[in-house]
Amino acid sequence: MRISDFIARTIAQRRALVWCGVGVLIIFCVAILVTSLRLDSEVFNVLPARFSSVQGLKIYDRDFEQTRELTFALLCNPNDVDKLEEFAPVFAERLRQQPWCARVLAGSPMATPDGIRDLQSIAVPLLLNLEPHVFDETMLILQPEKIRDRLHRLRQLIEAGSPRPEFELSFDPLGLIAPALKPFAESTVIEQEQPLTSPDRNMRIFLVVTNQTTVSAFECQRLMRRVNEFRATAAEGWEGAPLQVLVTGRPAFVSEISLSMRYDVVATLLGSVVLVGIIFFAGFRRWLPLAGMAFCLLLSCLVALTAGQLLFGQLSMISVAFCAILVGLGVDFAILSIGRYHQARADGQPHQQAIATSVAKLGRAIFFGALTTAVGFLALVLSGAMSFSQLGVLIAIGIFIAGLFMCSILFLFVRERHGAVQHDWLFEVVKNYVRWTVHKPVPMLISSSVVLLLLTAIGFSPVPPLRFEASTRSLQPKNIRASRVLEKIMHKMPVRWEPVLAIVRGENPQELHDYWQKISAHWRQLRTAGKIKNFSTPAALCPSPNWMQANRQRLSAINFQAARAMLEETLDAEGFSRDSFEPAFTLLDDLQHVGDQNASLPNWRTQLPESSSWWFLVDRYFGRDPSLTTGFVTTNQRVATHAQSQELERTLPVAGVAMILSGWSYALADLQPWSHHQLLIISALMAIFDISLLALLYRDLRLWLIQVITLAFGIGAMIASMKLLHVNLNLLNVLSFRLVLAIGVDYGIYVVLVWQKTREIEHDVAGVVKPVLLAGLTAVSGFGSLALARNPALTGLGIACAIGIFWSLVATIFFTLPAMAALNSKAPEANAQRPKDHQEAIQKRR
């Protein structure tokens, strides 16, 4: 028994058994998803993971405290800048009182007594971490005569009216703290350049570290709900024009992007279902098969989603958008199956035999159509991006499942007793076109060839160029409030562009210290040579146990008693209050204590208060694991090309130091060759696969050449349309070319395989061209619905694929069909051989 007869008999005679099997499948899939489904909202998974620059972005995003940081901005009317200065401390205090707030930075720590006291608390470990010869020079300050001369000089300056000596005495009475902080100040110069007030003074910035335990999508959503509740009341007490309370940061982005992804899944799926349903109903004007098609497609999505969860364990929220694409592609099989079934019923076949005929006539074409489409999407695995790899696997699984269901379960929704469509205007139009094309193929062949050749010439010519967009904007979700706030802040404070990150890990403190000393010396030479603009490193905060031990031994040679006595004597002589100099006495006591070889070496991490504002600066450089660090390099120009990233890769690293260079701009520039590789090499491999498969299927050189030319026309017209419509390529929609090659070739396969085997060309070819037309339109609708997505990666991919599939459909109907008719001289005779009484019987039934 043929497979088609087995399927037809099972569907027609054992409907209850089939429904039971479907029910068991649904229960199994739902149970798996309910118990184990996990969605990953990691933004960087849309980029290929094998690049070190992408790995660096993930490391910095995952392991550094900036992932828990929010940036608040107060924006007022230009006439209210003085009121903003008065309101800023009130707002900062309200922030500190929030239960989700751990720390707040409202201004420079040096401008507050707490900030000064915090620096004084870590002076001893920073002093011990100086180079030994610098430490020796610094300790000369504790000679009694130098203490006396310093305090006498500062007294004279105070009496002369200078305000600086008073600050110097309160911050650094002995003159030891400034040398200790000099390496720290030099290595963090980039961060110190970032202001918290805009030049026109109508924007104030507040940095907040939250106490959230994780940065998962749901945790960030909960946090942002609480933050937005605070924003609603934060401006109470403000007098003047409305005050804008803005917020951005990693938690805000994750919250909005995850919600945007949820919207994308719902909007694109509903949009695809509605558009596809309209096209299906317009073609067949039956509700029950439409419901069956929707059921089979949703069941295919359910099975594919379950299989993906079992394969990957965690699914990217971008990959979940495969449902919209699968609806647009899987409906092709429904249209072909139902169309051929209706044609068989119109020819007088009973229900079971019509099912068998539909499966027998188009089962092979559906299988190979699913194969080429699945291979095209499986090729996304070669992209190296987890999100798109999952997307490709899910669609490949779903498309095969959809092909199986459309040749079986779909017929459960077709009534055995149904009335024939009284007047199928679309079929009549298609039939008349096929009849005219078969008898007079030359006019259509010439017209379509001229148009398609012109578009192909435009597509493959260098003028106009197909622009490539390699910027963060091409990957940034649309209408994200956190993104708009960030742009507004950057517009108000355009201090510098994004720096290049250099991530370094040390096995132990000494190794980490040595690494950053080498890096700082090398980058200092690059800055002197003009190859970089500036740099910032954690070198001063990476302790060297060797230096600290050596410097501690030197402390034993210092007479702290004499220094203390001279300090007391000079304070009395100059009229200073001893209470004001308490930090100086504490510093002498701490140094004397550290000089004891039995005492443990001090650690600035334990001495810096947890609530200190200086942690905002420290956390820029150190991950949660103190051995994981990063430095920053500002370039002379914004990194925008691969050549720039390559030059930085050659110049920034230091021999013997494992370093990962990263940063958004740097990573996107680094990925440009990968994107070109996806466009050219992988698309070429997909074309070779299609060409080889067509040769195996057709085994006719003429038909093979026609199909190859059709593919070339489709891609050429696609590129020309993108040029003329100003649709730019980006790092991700270059994947569309391989998908168009995989999907576009299906339409030719459907038509050519029927052409090869039929004896009634007009009848059978018209019967397949109508479903192909509807299938192409639904595929365009499925991909076009991705334009509703807020994620530009999905939007760009959908628009490019919709354009390419449209032109592949046009080339198949208006070039492939007349080209085959022109080469097939027996076409008119084949139609003439059709039994006259059979034609009359069909006409009578219609």
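Conventions adopted
- Residues numbered from 1 in each chain as written.
- Predicted model: local features only at pLDDT ≥ 70, side-chain atom pairs only at ≥ 80, totals over all residues.
- Heavy atoms only, no water.
- Helix = DSSP H or I, 4+ residues; strand = E, 2+ residues; numbered from the N terminus.
- Rg over C-alpha atoms; globule rule 2.2 N^0.38 Å.
- Buried < 20%, exposed > 50% of the residue type's maximum accessible area, 1.4 Å probe, protein only.
- Contact = heavy atoms within 4.5 Å.
- Areas by Shrake-Rupley, 256 points an atom, 1.4 Å probe, with all protein chains shown as cover.
- Lys, Arg positive; Asp, Glu negative; His and termini not counted.
- Charge placed at Lys NZ, Arg CZ, Asp CG, Glu CD.
- Axes fitted to C-alpha atoms, helices over the stretch in contact; angles between N-to-C directions.
- Parallel < 35°, antiparallel > 145°, perpendicular 65-115°, else oblique.
- Left-handed = near helix turned anticlockwise from the far one by under 90°.
- Nonpolar A, V, L, I, M, F, W, Y, C, P; charged D, E, K, R; others polar.
- Pairing = 2+ DSSP bridges.
- Phe/Tyr/Trp six-rings, centres within 6.5 Å; stacked < 30°, edge-to-face > 60°.

Asker: When you look at the overall build of the chain in this model, what are you seeing that I'm missing?
Answerer: Each helix and strand in the chain was counted, giving 35 helices and 12 strands. Over its C-alpha trace the chain gives a radius of gyration of 36 Å, far above what one expects of a compact globule, namely 28 Å for 846 residues. Taking the principal axes of its C-alpha atoms as reference, the chain extends roughly 130 × 55 × 50 Å. When burial is assessed residue by residue, the chain has 56% of its 846 residues classed as buried. Of the contacts made within the chain by residues no fewer than 6 positions apart, 83% connect residues no fewer than 24 positions apart. As displayed, the chain has an accessible area near 36,000 Å², and 59% of this comes from carbon and sulfur atoms. Of the side-chain charges in the chain, 77 are positive and 68 negative, and the distance between the mean point of each set is 16 Å.

Asker: Sorry, what's going on with the packing of helix H18 (residues 425–439) against helix H32 (residues 761–784) here?
Answerer: Two numbers describe a pair of packed helices, the interaxial angle and the distance between the axes. Packing of H18 against H32 leaves a shortest axis separation of 9 Å and a crossing angle of 125°. Taken as axis vectors, H18 and H32 run oblique relative to one another. Crossing angle aside, the handedness with which H18 passes H32 is right-handed. Facing Leu426, Phe427, Val430, Lys431, Val434, Arg435, Val438 and His439 of H18, the residues of H32 in contact are Ile761, Glu762, Val765, Ala766, Gly767, Val769, Lys770, Leu773 and Leu774. Of the residues contributing to the contact of H18 with H32, the split by class is 11 nonpolar, 2 polar and 4 charged.

Asker: Quick question: what am I supposed to make of the sheet that holds strand E2 (residues 69–75) here?
Answerer: Strand order in the open sheet made by the 4 strands is E3-E4-E2-E5, with antiparallel pairing throughout. The sheet is open, and its two borders are formed by strand E3 (101–105) and strand E5 (244–249), each paired with just one other strand. Ignoring which end each strand starts from, the neighbouring axes of this sheet average 25° apart. Sheet analysis places E2 next to strand E4 (residues 203–210), joined by 7 bridges and oriented antiparallel. Opposite Thr71, over in E4, you have Leu207 as the bridge partner. Lying on the sheet, helix H12 (residues 217–233) is in contact with E2, E4 and E5; it crosses E2 at an angle near 20°. In this fold helix H20 (residues 481–492) packs onto E2, E4 and E5, with an angle of close to 105° to the strand it touches most, E5.

Asker: Please clarify how the side chain of Gln707 should be interpreted in this entry.
Answerer: Within the secondary structure, Gln707 sits in helix H30 (residues 701–724). Judged by its relative accessible area of 0%, Gln707 is buried. In this view, Gln707 contacts Leu694, Tyr698, Val745, Gly748, Ile749 and Val752; residues no more than four positions away in its chain are not counted.

Asker: Got a minute to help me understand the packing of aromatic side chains in this structure?
Answerer: Given two aromatic rings, one states the distance between the centres and the angle between the planes to describe the pair. Considering all chains together, one arrives at 24 aromatic pairs under this definition. Note on Trp100 and Phe230: the rings are 5.8 Å apart at their centroids and 75° apart in plane angle, and the pair reads as edge-to-face. Taken together, the residues span a long stretch of sequence, with Trp100 in the loop between helix H4 (81–96) and E3 and Phe230 in helix H12 at a distance of 130 residues. A single burial state applies to Trp100 and to Phe230, both of which are buried.

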